[in-house]
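# Inside the fold
Chain by chain, the residues run as shown.
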Amino acid sequence: MKEREAAREDSHDEDRFTVYQIIEHSPGRDILFMEMEYVKENGLEIRPEYYRQVYEAPLKPDDTLDTLYARFNEGNYPEDYRGHSMSMSDVIVMSRSGEEHAFYVDRMGFQEVPEFLREQQTLEDHAQGDHSGDSASPEIREDTAAERDIEKAAEINNPDGKTLPEKGTEKN
């Protein structure tokens, strides 16, 4: 892990892209394969802690979001690619000429999600012990955000508020 971080720091001058996909058993599962309109309408968030990195590589000069989408959708993946076919809800981070931008893969095209990078930087700062200016610990903030998203998803999936039986306990 430390070797990968060191390699990444050494490559900051290099144009790169990174593909992130939702961790299936995270609170992010509620936006898995959902379009941005759904996310916004339901007050959900694109949070980096819901995602895992599945691939990172140098950007070719002619790479665009569209060419990356096509490459990771045709099934001819690089050997070290660790994800499913690129789909709605994936995030692509492109670092080009020292500028970094994050994009949510949407139904038709891509939506820039700068909050993904801001929150990712906050998580990295906390992991390195930089808590300057924070009023709450990262654990409290993350738990609160995750609980809020879980509650919103529960409201969406069960609008009448009835308690549903736990899986496997329903009567036949």
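Please read these numbers as outputs of a predicted model, since none were measured by experiment.

### Some remarks on the sheet that holds strand 5 (residues 109-112)
- Spatial ordering of the open sheet is given by 2-1-3-4-5, a layout of five strands whose pairing is antiparallel. Edge positions in the sheet fall to strand 2 (51-58) and strand 5, since each of these pairs with one other strand and no more. Averaged over neighbouring strand pairs, the angle between their axes works out to 25° when direction is ignored.
- Strand direction decides the pairing type here: strand 1 (residues 16-22) and strand 3 (residues 91-96), joined by five bridges, are antiparallel. Looking at strand 3, one finds that Tyr 20 is bridged to Val 91.

### Considering the pairing of strand 3
- Where burial is concerned, most of strand 3 is hidden: five out of the six residues are buried.
- Across six bridges, strand 3 lies against strand 4 (residues 99-106) in antiparallel orientation. Within the sheet, the bridge partner assigned to Val 91 lies in strand 4 and is Tyr 104.
- The hairpin turn running from strand 3 into strand 4, its antiparallel successor, is two residues long, and Ser 97 in that turn takes a positive phi close to 50°.

### Examining the pairing of strand 4
- When strand 4 meets strand 5, the two strands line up antiparallel, connected through four bridges. Paired with Asp 106 across the strands is Gly 109, a residue of strand 5.

Cut-off values and rules
Residues numbered from 1 in each chain as written. Predicted model: local features only at pLDDT ≥ 70, side-chain atom pairs only at ≥ 80, totals over all residues. Heavy atoms only, no water. Pairing = 2+ DSSP bridges. Helix = DSSP H or I, 4+ residues; strand = E, 2+ residues; numbered from the N terminus. Axes fitted to C-alpha atoms, helices over the stretch in contact; angles between N-to-C directions. Buried < 20%, exposed > 50% of the residue type's maximum accessible area, 1.4 Å probe, protein only.

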